[in-house]
Amino acid sequence: QVTLVESGGGLVQAGGSLRVSCAVSGRAFSSFAMGWFRQAPGKEREFVVGISRDGGNIYYADSTKGRFTISRDNAKNTMYLQMNNLKPEDTAIYYCAASSWSDYVGANAGDYDVWGQGTQVTVSS
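Residues numbered from 1 in each chain as written. Predicted model: local features only at pLDDT ≥ 70, side-chain atom pairs only at ≥ 80, totals over all residues. Heavy atoms only, no water.

S.K.: Looking at this structure, how should I read the overall build of the protein?
M.R.: In terms of helices and strands, the protein carries zero helices and 11 strands. Along the chain direction, N to C, the helices and strands of the protein fall in the order β-β-β-β-β-β-β-β-β-β-β. What you see for the protein is a C-alpha radius of gyration of 13 Å, in line with the 14 Å of a compact globule of 125 residues. With the C-alpha coordinates of the protein rotated into their principal frame, the extents come out at 40 × 25 × 25 Å. For the protein, with 125 residues in total, the buried portion stands at 46%. Partitioning the intrachain contacts of the protein with sequence separation of at least 6 by distance along the chain shows that 58% fall at a separation of at least 24. Split by element, the accessible area of the protein, about 6,000 Å² in all, is 46% carbon and sulfur. Distance between charge centres in the protein, computed from 11 positive and 11 negative side chains, equals 4 Å. (Helix = DSSP H or I, 4+ residues; strand = E, 2+ residues; numbered from the N terminus. Rg over C-alpha atoms; globule rule 2.2 N^0.38 Å. Buried < 20%, exposed > 50% of the residue type's maximum accessible area, 1.4 Å probe, protein only. Contact = heavy atoms within 4.5 Å. Areas by Shrake-Rupley, 256 points an atom, 1.4 Å probe, with all protein chains shown as cover. Lys, Arg positive; Asp, Glu negative; His and termini not counted. Charge placed at Lys NZ, Arg CZ, Asp CG, Glu CD.)

S.K.: Which parts of the structure should I look at to understand the packing of aromatic side chains?
M.R.: In this description, an aromatic ring pair is defined by two values, namely the gap between the centres and the angle between the planes. Across all of its chains, the model carries five aromatic pairs by this definition. Here the aromatic rings of phenylalanine 37 and tyrosine 112 are separated by 5.4 Å at their centres, their planes lie at 80°, and the arrangement is edge-to-face. Here the residue phenylalanine 37 occupies a position in strand S4 (residues 33-39), and tyrosine 112 occupies one in the loop between strand S9 (92-99) and strand S10 (114-115), the gap between them amounting to 75 residues. For phenylalanine 37, a relative accessible area of 1% gives the class buried. The interplanar angle of 75° and the centroid separation of 6.5 Å between the aromatic rings of tyrosine 112 and tryptophan 115 together place this pair among those described as edge-to-face. Judged by its relative accessible area of 27%, tryptophan 115 is partly exposed. A connected cluster of aromatic rings, assembled from ring pairs, spans Phe37, Phe47, Tyr59, Tyr112 and Trp115. Taking NZ or CZ as reference, arginine 45 lies 3.8 Å from the ring centre of tyrosine 95, over its face. (Phe/Tyr/Trp six-rings, centres within 6.5 Å; stacked < 30°, edge-to-face > 60°. Lys NZ or Arg CZ within 6 Å of the ring centre and 35° of its normal.)

Structural data, given as structure tokens:
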């Protein structure tokens, strides 16, 4: 059974930085394309960024491009999301997701079949 566990969320002031992590267990991490999504209160889950199995293909949502950086360490079975210049509108629960069937870096939730429980990121103004 594959398990994804996010960590590193918290409260930060606008303009600040935060790094969230996603630890994967149960299957070779390098076999998954991975993604980050977020969901703010009262809103639908939205795509943040995705990364291919070897990290060679990365796709950012326009809202995070230039401020967020995704990376993965296949030796540590962990994916990271470095978030800089955070804004109050970045406040959300951040979820990591894995695709076990394809190396396609999709922007839709349906492109991923395994999800973590989420970690809260709150940006104060």
